[in-house]
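# Survey of secondary and tertiary structure
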Amino acid sequence: MSALFGPGRGRRAIVRCARFGVFGLALVAVLAGCRGMPSPWPPIHVNPNMDDQPRLDAQQASPFFYDGKGMREPVPGTVARGELRLDVGFYTGLDAAGEFLPQSPVETTDEVLARGALRYSIYCAPCHDERGTGTGILAEYASVPTASIHDAQRLAYPDGQYFDVITNGFGLMQGYAYPIPAEDRWAIVAHMRRLQQERLERLAARTGGAE
Amino acid sequence: MARSTAAPGAWEAPAYWRSLEQRADDPRVRDHYEREFLEGASEAPEGLSRREVLQLTAASVSLASLAACRRPVEHIVPFVQAPELMVPGIPRHYATTLPFRHEALGLLVESHEGRPTKVEGNELHPSTLGSSSLWMQASILDLYDPDRSRALLAAGEPSTWEAFTAAWGDIAAGLVQSGGQGLAILAESFSSPTLARLQRDAQERFPQARWATWEPISEANAEAGASRAAGVALVPDPHYERARVILAVDSDFLGTEAGVVLATRRYAASRAVDDASPSSSGMSRLYVAEGIHSLTGANADHRIRVRSSRIGAFVAALAAELARQGLGVSAPASASPVEGVSAEQLRVLAADLLAHRGESLIVAGRRQPPVVHAAVLELNAALGNVGRTIEYRIPRHRQESGETLAELVEAMGAGRVETLVILGANPVYSAPGDLAFAEALSGVANVLHLGGHVDETAAASKWHVPRAHPLETWADASAADGTLSIVQPLIAPLWDGKSEIELLNLVAGGEDRSGYDLVRQTWSGLLGSEPGSESFESRWLQTLHDGVAEGTAEPAAEAPVSSGALQELASSPAPGGGEGLEIVFAASPALFDGRFANNAWLQELPHPITKMTWDNAALLSPATARTLGVENEEIVTVSVEGREIELPVWIVPGQADETVVVELGYGRTGAGRVGDGVGANASVIRTSRSLDYAQGATVRSTGRRHLVAQTQDHHGMEGRPLVRAAALDHFRDHPHFAAEMVHTLPPSTLWSEWTYEEGSHPPPGVRERVAVDVPVYQWGMAIDLNACTGCNACVIACQSENNIPAVGRDQVRRGREMHWIRLDRYFSGSEDEPETVFQPVPCMHCENAPCEQVCPVAATVHDAEGINAMVYNRCIGTRYCSNNCPYKVRRFNYYHFTKHTPEVVALANNPDVTVRSRGVMEKCTYCTQRINAAKIAAKREDRPVADGEVRTACQQACPAQAISFGNILDEGSVVATHKRSPRNYGMLDEVVYTRPRTTYLAKLRNPSAELAPPAAPGADPAHGATGGDESDAAAGGAEGHG
């Protein structure tokens, strides 16, 4: 300790301290000055810590593929384990000849209808409206032409065609095969059939009442 | 070798040694055993030669350097239109088939978001039964090989498929007029119904065309032999599991012959003992007569060294001995003696075979000429084995018999070939040197080459079409028993490759059709219904789903035997020995015939016998090396008929004398950045007359040396009985011999004992939060050394599952190889006639783990389920843990081995496993990602994890089913049953009391009582004396210092 405060050394120590102090203050000022300044670069990351690994996680981008997607579509026609779908009609809505099934392969029970109503209100109602009139919020706010299930053309659709439209989409509508399992799609078809029927009954009752 | 003398009467374990240097107590090697890290392992290499391994593509380099100090920006890239059944993060599995020569290997491939990442065997497919070989495992890295051919080439310039089809249309128009005059097609062997159909189409369209077949390593001899004896084309189907006595003559049926997965499964079944009643246990006995030291020879109970050229004489002598002992074969009464085979050996072998009529089995190897195979068939028939232990089947869907490569080259040389279509083969590299194929090829006007790489042949071809990998294509195949299966693609071709059926269809039919349509067209004929019909579609979908077409297996064919081969064999003169050595060309147990040369996993896989990596060598027996005055790593010139190659010498204990063995598959020049320039091409000194072995080879020293990267002394553990083995008779009398090999005081430990209760050592306060009805698992593993054949499939499976990098030759030389599971190979006995034991060594997951006590940052800790876990992000790389590990199973990332992984290679990595960085210690995790996946699945269904639901990668791959894994608290689980076996022992447990969770079941041998085996382990029944210094009466060899 005495060496530190010995003659001659004290002044040098003070100068050194002062220098550090000035430097330190300048550093604090510079760093503080950076606060709130936006940077186009991501934050400095000194320790990589295996945050970025040469492997592809789900939904990660990959520059290897032309479209930048790391996820790839399965090759058409392949069958994964546990995904054997021998009942072609149930999963496509088409019969062996490639025609739409006239009738749903799923029996319409109260449970199926309840399930269909629930799924319909989640996935379909935002555009097609709870009544299926095609006047959901999308039509309302964005003037997107949305089909009604009650016009003459769509009343004539066979069940299989409804299933096909839900599965693969139609016009602006995306396919919903991924979020809605096949049995739920048939349940939605059953629910839509009931909506149509109820509306026809209401109409009949109204016109009948008028007569 | 320095071995202390044990107390008189004490159990004396056989002296095991890993290398000849260790056996001689060479000080250079002693150093390997005394140090954890090899000399220089901690120092930087001169130059950055590690980059030779995956020499880096530039794309990721710039990215890495620029973004190095900034947090990486990641984008989520979802599907716009998501496929119906693909949930991101949940892998799916596809059954498909890997055509491998004429074999069909059933696969079940794991796919993460539409990208295949891991290959397993398909449990429904008869060729694999759920297990896999190292080549199946490594095929995933081949798919993502960055050096694969990326574009169609016309005279070396990038072109398009459309331009090619147009050009071919012009050529074909001329060919159709001439009936195919001047056209030749060179194919690999196959067993595909579609290819067979297209071959017939091609021959119909071009009746004058030539069709030749070339496989550098072919099974043609076995098939020719069977058809010679029986008059029809037949393929043998040996049932090792039904045999009690097996004789393999020059046959490596556990290593490189066709059908190794099934053969290993069946052989291991024949070796199973009943641990519950040791006294009544029986197992098969394996005799092997061979010249090279193969994996099968290493597993033999009795190994007889006979040069490959003398195998025929050996079979004749055996037949004579069998006839003398009363077997009705038309063999000459006496046969000339065979050097190296004693009359006593022949007598005992013949008596053993005769005592097990109908339960014995003789198999001959691929290298032997047809007459030997025919003779073996005669013997099997006389012994009553045909139809019992060996069946024959009529091969279906193979190529129609064609010309040999030699005949094709002759036609090419005579100018009779103007257009040559090469379907996948690489003859410029693999053709025997005497054919001068490349010269002949230069005289052919139009050469079309289909190949996975721009390889040696592609460079010499006018057109090169990139070949799609089997995981990218539609195709089909038939297994050895006739079962048909479809090859379905896991991913669209990465580089617009075409399959051989698509190219052959263009050649044969002139149309450009998709493989999908072509396969469906074939199958409509096979199934007898039109595509689109309901019966076809349901059968097709079922076949795709299962990976096999049910009910298509063929019944065994009658094998009428005509005699004559034995007589011919006995009367054929001994090969003109004359000057020089015998040279044997063997398939590489890693690279096979060179088709896997650009696969870094396989290049770095230690050879099962020599433990060499990244090289082939001139393999010599110790005596022959002494005679020639050469030693290990000395470069010699091996010359045959004036053609020569240079190779380093490697001395192999147990190889036949006067023989030099050279493995094929090395010395590629057009393989890619990994395979080029590794080793020397042995095809150069092959001759088309004698492809598999030849006389008159000379070996001259060049005086130079080549440093070989071999691992046989790496990670050595010394001084204690690490691997334990005994004879079956000894086991019957002393079931607990493995435990009795070591006597110690009751162990005690400084640390608290593992309690096996839920959350054994929870931090304070945690116990209260743990729900009591959570199922309790304590994971453990048992490895049955008696089943393990040393095939290395587990090593590659682990590497694939756990993203383990290959590090390159230079790093292997420094002892930095990263394999989490290694196969220790121990010899015992003399250097000429050693016995071999294999021991797979992963992390032992010790309950009293020494590594955990010394980690200063708690980067390696125990979890509540008994797993010794690594927390990579905590690790600061002190390597104390590795120093303190008695099993040497920890691996340290000396470099950022994965830093420059090309984008396409990154696709092969398992997304469920961390890719480790520099400075991090790593080791076996018991495949903790698989354990967690099973626990999550079980929890979703509100049930405990069932036994067998969690399978580690090594366990799932193992064709011998040597590895069991599961919850050791579940009394009924397979692993708990194994751990109750009297053969169960924990390696080093008695000495250091680590309580390893991975235990071993001791190996048994079944030598004949009449043939005293050379220093067979456990031949001496004396044991049981207490005291003594067991760590001295020890395996592992070098002087104990513990």
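Since we're looking at a predicted model, the values are computed, not measured. (Residues numbered from 1 in each chain as written. Chains lettered and ligands numbered in written order. Predicted model: local features only at pLDDT ≥ 70, side-chain atom pairs only at ≥ 80, totals over all residues.)

Our focus in this paragraph is the overall build of chain A. Regarding its fold elements, chain A presents 7 helices and 0 strands. Listed by position from the N terminus, the elements making up chain A come as α-α-α-α-α-α-α. Taken over C-alpha atoms, the radius of gyration comes to 34 Å for chain A, far larger than the 17 Å a tight globule of 211 residues would show. For chain A, the C-alpha atoms occupy an extent of roughly 120 × 50 × 35 Å along the three principal directions. Within the span of chain A, comprising 211 residues, buried residues form 21% of the whole. Partitioning the intrachain contacts of chain A with sequence separation of at least 6 by distance along the chain shows that 50% fall at a separation of at least 24. (Helix = DSSP H or I, 4+ residues; strand = E, 2+ residues; numbered from the N terminus. Rg over C-alpha atoms; globule rule 2.2 N^0.38 Å. Buried ≥ 20, exposed ≤ 12 C-beta atoms within 10 Å, placed from the backbone. Contact = placed C-beta atoms within 7 Å.)

Below, the discussion takes up the overall build of chain B. Assigned secondary structure in chain B consists of 34 helices and 39 strands. Within chain B, counting contacts between residues at least 6 apart in sequence, those at least 24 apart form 75% of the total.

Residue and element names in this part refer to chain B. Summarising burial for helix 5 (residues 134-143): 10 of the 10 residues are buried, a large majority. Among all positions in helix 5, only Leu134, Trp135, Met136, Gln137, Ala138, Ser139, Ile140, Leu141, Asp142 and Leu143 are buried. The inward-facing, buried residues of helix 5 abut strand 2 (92-100), strand 3 (103-112), strand 4 (115-121), helix 22 (600-603), helix 26 (793-801) and helix 32 (953-957).

All right, on to the nonpolar core then. Among the nonpolar cores identified, the biggest contains 299 residues, and Leu186, Val315, Ala319, Ala375, Ala618, Val638 and Val660 of chain B are the most heavily contacted of them. Per-element accounting of this core gives the leading share, 11 residues, to helix 11 (residues 311-324) of chain B. Contact partners of valine 638 of chain B, with chain neighbours within four places excluded, come to Ile583, Ala618, Glu644, Ile645, Leu647, Val660, Val662, Ile685, Ala697 and Val699 of chain B. Judged by nonpolar contacts, the second largest core, of 18 residues, contains Tyr120, Phe163, Val165 and Ile180 of chain A. (Core = buried A, V, L, I, M, F, W, Y, C linked by C-beta atoms within 7 Å.)

Each partner contributes residues to the interface: chain B has 53 residues there, and chain A has 44 residues. Counting residues per element, the ones that place at least two in the side of chain B that touches chain A are strand 2, helix 20 (534-546) and helix 30 (903-906) of chain B. Looking at which element gives the most residues to the side of chain B that touches chain A, the answer is helix 20 of chain B, with 6 residues. For the side of chain B that touches chain A, the residue count by class is 27 nonpolar, 16 polar and 10 charged. (Nonpolar A, V, L, I, M, F, W, Y, C, P; charged D, E, K, R; others polar.)

What follows is about the environment of valine 79 of chain A. With respect to the helices and strands, the residue valine 79 of chain A is situated in the loop between helix 1 (9-34) and helix 2 (88-92). The buried category is assigned to valine 79 of chain A, around which 21 C-beta atoms lie within 10 Å. In this structure, valine 79 of chain A is in contact with Leu84 of chain A together with Leu541, Leu544 and His545 of chain B, ignoring residues within four places of it in sequence.

A word on the environment of glycine 326 of chain B. Residue and element names in this part refer to chain B. Looking at the secondary structure, you find glycine 326 in the loop between helix 11 and helix 12 (343-355). Among the residues examined, glycine 326 registers 8 C-beta atoms within 10 Å and is labelled exposed. With 87 residues separating them in the primary sequence, glycine 326 and histidine 239 have C-alpha atoms 25 Å apart.

This part covers the packing of helix 7 (residues 193-205) of chain B against helix 19 (residues 515-527) of chain B. Residues and elements named next belong to chain B. As a packed pair, helix 7 and helix 19 sit with axes 9 Å apart at the nearest point and diverge in direction by 90 degrees. As far as their axial angle goes, helix 19 and helix 7 are roughly perpendicular. Residues Pro193, Thr194 and Arg197 of helix 7 touch helix 19, and the partners they reach there are Leu518, Val519, Thr522 and Leu526. Taken together, the residues of the contact of helix 7 with helix 19 break down into 4 nonpolar, 2 polar and 1 charged. (Axes fitted to C-alpha atoms, helices over the stretch in contact; angles between N-to-C directions. Parallel < 35°, antiparallel > 145°, perpendicular 65-115°, else oblique.)

The next thing to look at is the sheet that holds strand 7 (residues 183-187) of chain B. Residue and element names in this part refer to chain B. Pairing is mixed in the open sheet, where 7 strands are placed in the order 6-5-17-16-15-7-8. Each edge of the open sheet carries a strand with a single partner, namely strand 6 (157-159) and strand 8 (210-213). Here the average twist between neighbouring strands, direction ignored, is 20 degrees. Where strand 7 and strand 8 come together, 4 bridges link them in parallel fashion. Residue pairing for strand 8: alanine 187 is matched across the bridge by threonine 213. The sheet contacts of helix 6 (residues 161-177) involve strand 5 (152-154), strand 6, strand 7, strand 15 (419-423), strand 16 (446-451) and strand 17 (463-466), and relative to strand 5 the element is tilted by about 55 degrees. (Pairing = 2+ DSSP bridges.)

Residues and elements named next belong to chain B. This prediction gives chain B a mean pLDDT of 86; 88% of its residues lie at or above 70. Here residues 759-764 scores under 50 on pLDDT; set against residues more than four positions off or in separate chains, the count is 11 contacts. Across residues 1014-1042, where pLDDT falls below 50, the model places 96 contacts with residues more than four positions away in sequence or in other chains. Interface confidence for the predicted complex, expressed as ipTM, amounts to 0.83; the pTM equals 0.88. (pLDDT = per-residue confidence, 0-100.)

Moving on: helix 9 (residues 260-271) of chain B. Residue and element names in this part refer to chain B. Helix length check: helix 9 (12 residues) gives 16 Å between terminal C-alpha atoms against 16 Å at 1.5 Å per residue, within 8%. Across the 12 residues of helix 9, 11 count as buried, placing the element largely inside the fold. Looking at the buried positions of helix 9, the neighbouring elements they touch are strand 4. (Expected span 1.5 Å × (residues − 1).)

Residues and elements named next belong to chain B. Counting buried positions over the 5 residues of strand 36 (residues 963-967) gives 5, a clear majority of the element. Note that strand 29 (residues 779-784) and strand 36 share 5 bridges and pair antiparallel. Looking across to strand 36, one finds that alanine 782 is bridged to serine 964.

Residue and element names in this part refer to chain B. If you walk around this closed barrel you meet the 6 strands as 20-25-22-24-23-26, and the pairing is mixed. Shown here is a sheet whose adjacent strand axes are inclined to one another by a mean of 45 degrees, direction ignored. Direction of pairing for strand 23 (residues 634-640) relative to strand 24 (residues 643-651): antiparallel, over a ladder of 6 bridges. Opposite threonine 637, over in strand 24, you have glutamate 646 as the bridge partner.

The subject of this paragraph is the pairing of strand 7 of chain B. Residues and elements named next belong to chain B. Among the 5 residues of strand 7, 5 are classified as buried, and the element is accordingly described as predominantly covered. Where burial is concerned, the two faces of strand 7 agree: the one with Leu183, Ile185 and Ala187 and the one with Ala184 and Leu186 are both buried. As paired elements, strand 7 and strand 15 share 5 bridges and run parallel to each other. Looking across to strand 15, one finds that alanine 187 is bridged to leucine 423. The parallel pair strand 7 and strand 8 is bridged by helix 7, and the resulting crossover is right-handed. (Right-handed = clockwise from strand over helix to strand, strands pointing away.)

Our focus in this paragraph is the environment of serine 330 of chain B. Residues and elements named next belong to chain B. Its place among the elements puts serine 330 in the loop between helix 11 and helix 12. Under the C-beta neighbour-count criterion, serine 330 is labelled partly exposed, with 13 such atoms within 10 Å. Sequence-wise, serine 330 and glutamate 378 are 48 residues apart; in three dimensions their C-alpha atoms are separated by 9.1 Å.

This next bit is on the packing of helix 11 of chain B against helix 13 (residues 370-382) of chain B. Residue and element names in this part refer to chain B. Two elements in contact, helix 11 and helix 13, have axes whose closest approach is 10 Å; the angle formed by their N-to-C orientations is 20 degrees. Considered as vectors, helix 11 and helix 13 are oriented roughly parallel to each other. Our pair here, helix 11 against helix 13, has a crossing hand that is left-handed. Here helix 11 contributes Ile311, Gly312, Val315 and Ala319 to the contact with helix 13, which in turn contributes Val371, Val372, Ala375, Val376 and Leu379. Classifying every residue of the contact of helix 11 with helix 13 gives 8 nonpolar, 1 polar and no charged. (Left-handed = near helix turned anticlockwise from the far one by under 90°.)

Here glutamine 59 of chain A, not a glycine, exhibits a phi torsion of approximately 65 degrees, which is positive. Secondary-structure assignment places glutamine 59 of chain A in the loop between helix 1 and helix 2. Backbone geometry at tyrosine 926 of chain B places phi at a positive 60 degrees, although glycine is not the residue there. Here tyrosine 926 of chain B is to be found in the loop between strand 35 (921-922) and helix 31 (928-940). Judged by local crowding, tyrosine 926 of chain B falls into the buried class, with 25 C-beta atoms found within 10 Å.

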